[in-house]
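# Understanding the architecture of this molecule
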Amino acid sequence: MLGVGIYQRVFKFGLMAFLIVAASLFAVPGYAQTQMAEGEIRRLDPQNAKVTIRHGEIKSLDMPPMTMVFVAKPKSLLDGLKVGDKIQFSAIEENSQYVVTAIKKAAN
Ligand SMILES: [Cu+2]
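The rules behind the values
- Residues numbered from 1 in each chain as written.
- Predicted model: local features only at pLDDT ≥ 70, side-chain atom pairs only at ≥ 80, totals over all residues.
- Buried ≥ 20, exposed ≤ 12 C-beta atoms within 10 Å, placed from the backbone.
- Helix = DSSP H or I, 4+ residues; strand = E, 2+ residues; numbered from the N terminus.
- Pairing = 2+ DSSP bridges.
- Core = buried A, V, L, I, M, F, W, Y, C linked by C-beta atoms within 7 Å.
- Contact = placed C-beta atoms within 7 Å.
- Axes fitted to C-alpha atoms, helices over the stretch in contact; angles between N-to-C directions.

## A word on the pairing of strand 2 (residues 50-55)
Along strand 2, the buried face is formed by V51, I53 and H55; none of K50, T52 and R54, which line the opposite face, is buried. In this sheet, strand 2 lies alongside strand 1 (residues 37-45) in antiparallel orientation, the contact comprising six bridges. The residue bridging L44 from the neighbouring strand is V51, located in strand 2. Here strand 1 folds back onto strand 2, and the loop between the two strands holds four residues, one of which, A49, carries a positive phi near 60°.

Structure follows, in structure tokens:
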């Protein structure tokens, strides 16, 4: 009887450790998603995959609010957008360029 209890405890501990690891794996992309910055489209240059965004603070890039040009990757991210649209977006720094990797229209 004692043996069964120990195995159950070991199994429960292992299961808990597995769940914690699994939860943290899911939590990382979930956290990144909530880190989208707010912005407004100021200028669009789809042929060159460029978009000028007046943006709020971007914590992931340690950047204060400003208006600046981003490269859209892929440039199809710019499809259906127009000047004045309020957006939420994700951006990264890549080869000393700022690259938008996701855009979604914000509900006004
Ligand atoms: Cu900026």
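## As for the pairing of strand 1
Bridge count for strand 1 against strand 4 (residues 86-94) is four bridges, and the pairing is antiparallel. Residue pairing across strands places E40 opposite K86, the latter belonging to strand 4.

## As for the environment of N48
Checked against the element boundaries, N48 lands in the loop between strand 1 and strand 2. Counting along the chain gives 24 residues from N48 to A72, while the straight-line C-alpha distance between them is 8.9 Å.

## A look at the nonpolar core
Note on soluble globular proteins: their nonpolar side chains tend to be buried together. With 13 residues, the main nonpolar core has V51, F70, F89, A91 and V100 as its most contacted residues. If you list the elements that add at least two residues to this core, you get strand 1, strand 2, strand 3 (66-72), strand 4 and strand 5 (97-105). At three residues, strand 4 tops the list of elements feeding residues into this core. Apart from residues no more than four positions distant in its own chain, F70 is found in contact with V51, I53, A91, Y98, V99 and V100.

## Some points on the sheet that holds strand 2
Pairing in this closed barrel of five strands is mixed, and the strands run 1-2-3-5-4 around the ring. Here the average twist between neighbouring strands, direction ignored, is 55°. The pairing of strand 2 with strand 3 spans six bridges and is classified as antiparallel. Bridging across to strand 3, V51 finds its partner in F70.

Note that every value here comes from positions in space, so none of it alone points to a role or purpose.
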